[in-house]
Amino acid sequence: MTPPRQLDAIGYLATSEINSTSYVGGLLIVNSNARPLEFHCTVPFLPSRSQRVLYGASLSGSLMTEDIPRALFKKAKHRPDVVFVNSMAMLAVQAELEQPVACIQVTSEAMGEEKERLGADCLNGEEVSGNQSQFEKASPLFGNKGSFGFAMDPKHEGKKELVNAGLQQISCHVDIHEPFERLKLALDETGKVSNHAA
């Protein structure tokens with residue numbers, strides 16, 4: 001059995017809505033030791049009344065899975081081998097990227113403990129259950145209690161080895177959700193700075 005490929009850069013992408021009025025996104029690219037290579041974030045974007053009317057219910061999806069990620073990756077100097085996203089809805093980013101995009105999931109057994117440790121926000125209340133065909137189980141990671149899996153677009157199943165390699169590399173150094181925690185804190189700071197500037 002060949003060892004998993006060593007990845008040079010792993011991306012963590014998150015977007016969120018602030019106070020139901022504006023949107024922000026961040027991209028943290030880390031090396032195989034989970035150390036930051038680069039970080040980019042958007043300023044909070046407040047859609048105009050016209051945009052809200054013209055886009056209707058599709059505004060949030062368009063901003064969070066197309067416009068914001070596109071702007072973030074355009075700024076990036078490093079090209080991540082794999083990109084992890086913070087929600088199932090964000091898997092739509094795959095349409096914008098060549099590299100595999102995956103949403104890290106916690107299996108039912110580990111869900112309670114992880115929710116308590118990370119807070120429900122970090123996991124977005126999503127867990128691997130029921131429709132297992134939609135998920136790929138990752139190899140056992142860093143001896144935690146419970147197991148993780150990931151969801152990805154079935155059209156990109158040929159790239160699941162890259163996703164597994166990324167999960168294994170990160171898990172040797174930090175909890176696989178920990179870079180999302182850093183990203184969330186950085187985005188929270190961005191929101192605070194923009195609120196003070198307004």
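Residues numbered from 1 in each chain as written. Predicted model: local features only at pLDDT ≥ 70, side-chain atom pairs only at ≥ 80, totals over all residues. Heavy atoms only, no water.

## Looking at unusual backbone geometry
Right, so step 1: Of note in this structure, alanine 34 is not a glycine but carries a positive phi near 70°.
Right, so step 2: Mapped onto the elements of the fold, alanine 34 is located in the loop between β2 (22–30) and β3 (36–41).
Right, so step 3: Using a relative accessible area of 5% as the deciding quantity, one classes alanine 34 as buried. (Helix = DSSP H or I, 4+ residues; strand = E, 2+ residues; numbered from the N terminus. Buried < 20%, exposed > 50% of the residue type's maximum accessible area, 1.4 Å probe, protein only.)

## Quick word on the packing of aromatic side chains
Each aromatic ring pair is described using two quantities: the centre-to-centre distance and the angle formed by the ring planes.
Right, so step 1: For the structure on display, the rule yields two aromatic pairs.
Right, so step 2: Seen in terms of ring centroids, tyrosine 12 and phenylalanine 84 are 5.5 Å apart; in terms of plane orientation they differ by 55°. Their pairing is tilted. Residue tyrosine 12 is found in strand β1 (residues 10–18), and its partner phenylalanine 84 is found in strand β4 (residues 82–85); the two are separated by 72 residues along the sequence. Phenylalanine 84 carries the same exposure label as tyrosine 12, and that label is buried.
Right, so step 3: Taking the centre distance of 4.7 Å and the plane angle of 80° together, the rings of tyrosine 12 and phenylalanine 180 count as edge-to-face. Note that tyrosine 12 is positioned in strand β1 and phenylalanine 180 in helix α6 (residues 178–197), a separation of 168 residues in sequence.
Right, so step 4: A connected cluster of aromatic rings, assembled from ring pairs, spans Tyr12, Phe84 and Phe180. (Phe/Tyr/Trp six-rings, centres within 6.5 Å; stacked < 30°, edge-to-face > 60°.)

## Regarding the pattern of salt bridges
Right, so step 1: Enumeration over the complete set of coordinates arrives at five salt bridges.
Right, so step 2: Note that arginine 70 and aspartate 67 form a salt bridge whose closest N and O atoms lie 3.4 Å from each other. Placement of the pair is arginine 70 and aspartate 67 together in helix α2 (residues 59–75), with a separation of three residues, close to one helical turn.
Right, so step 3: The class of arginine 70 is partly exposed, set by a relative accessible area of 41%.
Right, so step 4: With relative accessibility at 29%, the residue aspartate 67 sits in the partly exposed group.
Right, so step 5: Two residues, arginine 70 and glutamate 96, come together in a salt bridge whose shortest N-O distance is 3.0 Å. Taken as a pair, arginine 70 in helix α2 and glutamate 96 in the loop between β4 and β5 (101–107) lie far apart in primary sequence, 26 residues in all.
Right, so step 6: Each member of the salt-bridge network shares a partner with another, and the members are Asp67, Arg70 and Glu96. (Salt bridge = Lys/Arg side-chain N within 4 Å of Asp/Glu carboxyl O.)

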